[in-house]
Amino acid sequence: MQTLEEMLQMARGAMEKSYSPYSEFPVGAVIKAQSGKLYAGCNVENAAYPAGSCAEQGAISAMILGGDTKIQEMVVMGNGKQLVSPCGSCRQRIREFADPETVIHICDKNGVRKSMTLDELLPVSFGPENLKC
Ligand code: THU
């Protein structure tokens, strides 16, 4: 699929820009928003370790700044034997802007390793609807 290839290419570029001198673990994330626009992010670490941010956070910030609020599809890319799936906090961050059926592609530089829905990654989740009593 054309768009998925574009997303993979952008994620590779985001990994290259990653600022991860402490973990040496670059991560790239790309969101395809409902508008069709693509937004990328990379992890940005900090000498005060907890102040670092994940690639998914960066991509979400770019999406909001770009005027979109709905994630249609997402790529998360990193190296290693294990799948680089979004961390727990990022699953919740994605949840704010996605549907249970939204697909997240867990990738390495060669392409998609596993595709999962948000509901599979974060079942019985808490979102904006829960606040409507
Ligand atoms: N990291 C991400 O950017 N996204 C994830 O979902 C998993 C972890 C980053 C955070 C940190 O900079 C590095 O990977 C190692 O944990």
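A quick note: this is a predicted structure, and the numbers were derived from the prediction, not measured.

A. The pattern of salt bridges, seen in detail. Scanning the model with the defined rule gives 3 salt bridges in all. A salt bridge links Glu73 to Lys32, with the shortest nitrogen-to-oxygen separation between them at 3.4 Å. With Glu73 in strand E3 (residues 71-78) and Lys32 in strand E1 (residues 27-33), the pair connects residues that are 41 residues apart, well separated along the chain. The two residues Glu73 and Lys32 agree in class, both being buried. Here Asp99 ties to Lys70 by a salt bridge, and the two come within 2.9 Å at their closest N and O atoms. Placement of the pair is Asp99 in the loop between helix H3 (88-95) and strand E4 (103-108) and Lys70 in the loop between helix H2 (55-65) and E3, with a sequence separation of 29 residues.

B. A look at the site of the ligand. The environment of the ligand is formed by Ser23, Phe25, Val27, Asn43, Glu45, Cys54, Ala55, Glu56, Ser85, Pro86 and Cys87. Contacts to the ligand include Ala55, whose backbone N or O atom sits 2.9 Å from an oxygen atom. Within the contact set of the ligand, an oxygen atom lies 2.7 Å away from a side-chain nitrogen or oxygen of Glu56. Contact with the protein chains hides 75% of the accessible area of the ligand, taken as 370 Å² for the molecule alone. Residues of the shell around the ligand, tallied by class, amount to 6 nonpolar, 3 polar and 2 charged.

Quick notes on the rules
Residues numbered from 1 in each chain as written. Predicted model: local features only at pLDDT ≥ 70, side-chain atom pairs only at ≥ 80, totals over all residues. Heavy atoms only, no water. Salt bridge = Lys/Arg side-chain N within 4 Å of Asp/Glu carboxyl O. Helix = DSSP H or I, 4+ residues; strand = E, 2+ residues; numbered from the N terminus. Buried < 20%, exposed > 50% of the residue type's maximum accessible area, 1.4 Å probe, protein only. Near = heavy atom within 4 Å. Polar contact = N/O pair within 3.5 Å; in protein donor to acceptor, adjacent residues only side chain to side chain. Areas by Shrake-Rupley, 256 points an atom, 1.4 Å probe, with all protein chains shown as cover. Nonpolar A, V, L, I, M, F, W, Y, C, P; charged D, E, K, R; others polar.

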